[in-house]
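# Results of the structural survey
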Amino acid sequence: MNSNPETTFSELATLDWREQDFSYAQLKAHLPRPAVNSQTAAEAVGQIIDDVRAHGMQALKDLALRFDHVELEHTRVAQAELDRALEELDPQVRAALEESIARAREFAAAQVPSDAVVGYSNGGSVTQRWVPVRRVGLYAPGGLAVYPSSVIMNAVPAQAAGVASLALASPPQKEFGGLPHPTILAAAKLLGITEVHAMGGAQAVAAFAYGVEAPGDPRGGIEPVDVVSGPGNVFVATAKRLVKGVVGIDAEAGPTEIAILADSTANPGFVAADMISQAEHDENAAAVLVTDSSELAAQVRAELEVQVAATKHSQRVRTALGGSQSGIILVRDVAQGIDVCNAYAAEHLEIMTAQSAQDAARITAAGAIFVGDFAPVSLGDYCAGSNHVLPTSGTALHASGLNVNTFLKAIQVISYDKAALGDVAAHVINLANAEDLPAHGDAVAIRKAI
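Predicted model, so just to flag it, every value in this text is computed and none were measured. (Residues numbered from 1 in each chain as written. Predicted model: local features only at pLDDT ≥ 70, side-chain atom pairs only at ≥ 80, totals over all residues. Heavy atoms only, no water.)

## Some thoughts on the nonpolar core
Nonpolar side chains in soluble globular proteins tend to be buried together. Membership of the largest hydrophobic core comes to 40 residues, with the highest contact counts inside it found for L168 and I193. Of all the secondary structure elements, the ones that give two or more residues to this core are α3 (79-87), α4 (91-111), β4 (135-139), α5 (148-161), β5 (165-170), α6 (182-191) and β6 (195-198). Those residues in contact with I193 that sit more than four places away from it in its chain are L82, L138, V151, A155, Q159, L166, L168 and A188. Residues I258, A279, A285 and L289 belong to the second largest nonpolar core, which totals 30 residues. (Core = buried A, V, L, I, M, F, W, Y, C linked by side-chain atoms within 4.5 Å. Buried < 20%, exposed > 50% of the residue type's maximum accessible area, 1.4 Å probe, protein only. Helix = DSSP H or I, 4+ residues; strand = E, 2+ residues; numbered from the N terminus. Contact = heavy atoms within 4.5 Å.)

## Let's talk about the packing of aromatic side chains
Under the counting rule described, the total for this entry stands at 3 aromatic pairs. A centroid spacing of 6.3 Å and a plane angle of 35° characterise the contact between Y120 and Y416, whose relative ring orientation is tilted. In this pair, Y120 sits in strand β2 (residues 116-120) while Y416 sits in the loop between β14 (408-415) and α15 (418-434), placing the two residues 296 residues apart along the sequence. With relative accessibility at 46%, the residue Y120 sits in the partly exposed group. Each ring, one from F270 and one from F374, has its centre 6.0 Å from the other, and the planes form 65°; the classification is edge-to-face. (Phe/Tyr/Trp six-rings, centres within 6.5 Å; stacked < 30°, edge-to-face > 60°.)

## Considering the sheet that holds strand β12 (residues 348-352)
What the 6 strands build is an open sheet, ordered β1-β11-β10-β9-β12-β13; its pairing is parallel. Both outer strands of the open sheet, β1 (14-16) and β13 (368-371), are each paired with one neighbouring strand and no more. In this sheet, adjacent strand axes meet at a mean angle of 20° when their direction is disregarded. Relative to β13, β12 is paired through 4 bridges, and the arrangement is parallel. Directly across from I351, in β13, lies its bridge partner V371. The strands that helix α10 (residues 294-310) touches are β1, β9 (257-262), β10 (286-291) and β11 (327-330); relative to β11, the one it contacts most, it runs at about 170°. (Pairing = 2+ DSSP bridges. Axes fitted to C-alpha atoms, helices over the stretch in contact; angles between N-to-C directions.)

## Brief notes about α6
Of all 10 residues making up α6, 8 are buried, and the element is well covered by its neighbours. If you check which residues of α6 are buried, you get T183, I184, L185, A186, A187, A188, L190 and L191. Summarising the contacts, the buried residues of α6 are in contact with α3, α4, α5, β5 and β6. Where α6 terminates, the next one or two residues include G192, which has phi positive at roughly 80°.

## Topic: empty space enclosed by the protein
Following the criterion strictly, the structure yields 1 cavity of 30 Å³ or more and no others. Considering only enclosed or pocket space, the largest cavity measures out at about 30 Å³ in volume. Every residue lining the largest cavity is listed: L60, L63, A64, D68, L72, T75, P172, A198, M199 and Q203. Sort the elements by how many residues they give to the lining of the largest cavity and helix α2 (residues 39-68) lands first, with 4 residues. Among the residues making up the lining of the largest cavity, the classes are represented as 7 nonpolar, 2 polar and 1 charged. (1 Å grid on protein atoms, 1.4 Å probe; cavity = no way out; pocket = protein on both sides within 12 Å on 5 of 7 lines; lining within 4 Å. Points joined across faces, edges and corners; volume = space filled by probe spheres on them. Nonpolar A, V, L, I, M, F, W, Y, C, P; charged D, E, K, R; others polar.)

## Here's the deal with the UniProt feature "active site" (unreviewed entry) in the protein chain
UniProt's entry tags E347 and H348 with the feature "active site" (unreviewed entry), counted in the numbering of this structure. Structurally, the position occupied by E347 is in the loop between α12 (334-344) and β12. Apart from the residues lying within four places of it in its own chain, the contact partners of E347 are P255, T256, E257, G367, A368, H388, L390, P391 and T392. Separated by 2.9 Å, the side chain of E347 and the backbone nitrogen of E257 make a polar contact. When you line up the elements, H348 lands in strand β12. Apart from residues no more than four positions distant in its own chain, H348 is found in contact with T256, E257, I258, A259, Q278, A368, F370, V377, D381 and L390. In terms of polar contacts, H348 uses its side chain to reach the backbone carbonyl oxygen of E257, at 2.7 Å. (UniProt positions renumbered as here; feature names shortened; annotations may be inferred. Polar contact = N/O pair within 3.5 Å; in protein donor to acceptor, adjacent residues only side chain to side chain.)

In structure tokens:
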């Protein structure tokens, strides 16, 4: 590690809040966030959705040529290509994917909720029954990186929920003959996903949401889904927002983000490495260090200067760390730091303090919390057993990460016999009259007369 303060990472902004007493609203207003303008994306995505709805498979072919520079005969990937991708997969990568799948399945299985049944006197009962959605469309992005891990994170909880039909979409790649990346195909094969489509971006979301007919084509069209899940760029996120209501969605994922709450006991090399690990996703990624130690802040800057220069995607990382969405926030103490973190509601929150477990227990808003020196975010990205599809842009204030419940519906079943209805009939009639809905009461009174 390098702790020379003369070699420092100057791009990262510092916000000194040690003398500030912000209200909660002021705190939220001053937090570093990426500048987002989705209006242009909404207009373009709306046109794509309309095109897919109007022209179906032909629109998907035209859009693949326009955006991916690939000529497709059909979006459906042949089973033989999935088999070949798995056969040719690096054995070490296969072993890593299998371990990730096994751990994710164990955690997902533990999340499956039990039905709730309450019995009332004289034969009345109310049951909450959990039912999986019929069909799910999963999206695995292309672009700057390859994300077989996202295939796992989306497919495993859907399978644990009991979803009967899964379809996967991933952008066609020119260098792979118009197929999605072979590692994506191999992951699909390992997971038992047989329906894979070479389609990306907003058009994939539209095809899943509205379905695509392909009359006379033996490979068939694309049946509509009930839920679309999976991360993507601003166009994918915008498409999910526009089709929400037609289908369910997991979330409108924004750029990835990490917040780290650390005190003087933290290892500055670990802190710097973890900030870099998220900043390498893209130039809009956010990395925020919240600390009560100016000495640690200086040491982290020194580490960043060395580690950023050595990392593969150094320019991308440097841009992300130098953006308005990233920075170091100096606080009076860890208690103030916890308040800052709860207002920030990070997608990923690491706690590296002398009392990490106790401080983590005081966090009320985060997609996932990584506790201690040996639980980096990258562990959760791949092999912790947790899910890495998490709420971004402060939505962890009210939203949860992807889990089994994303793919389940709670159906309430009410069963009352005559005696049980009689126990509450007068109350129902009185409340109906109080709301000036007398026919509601009449529906009960007519049964009392039998």
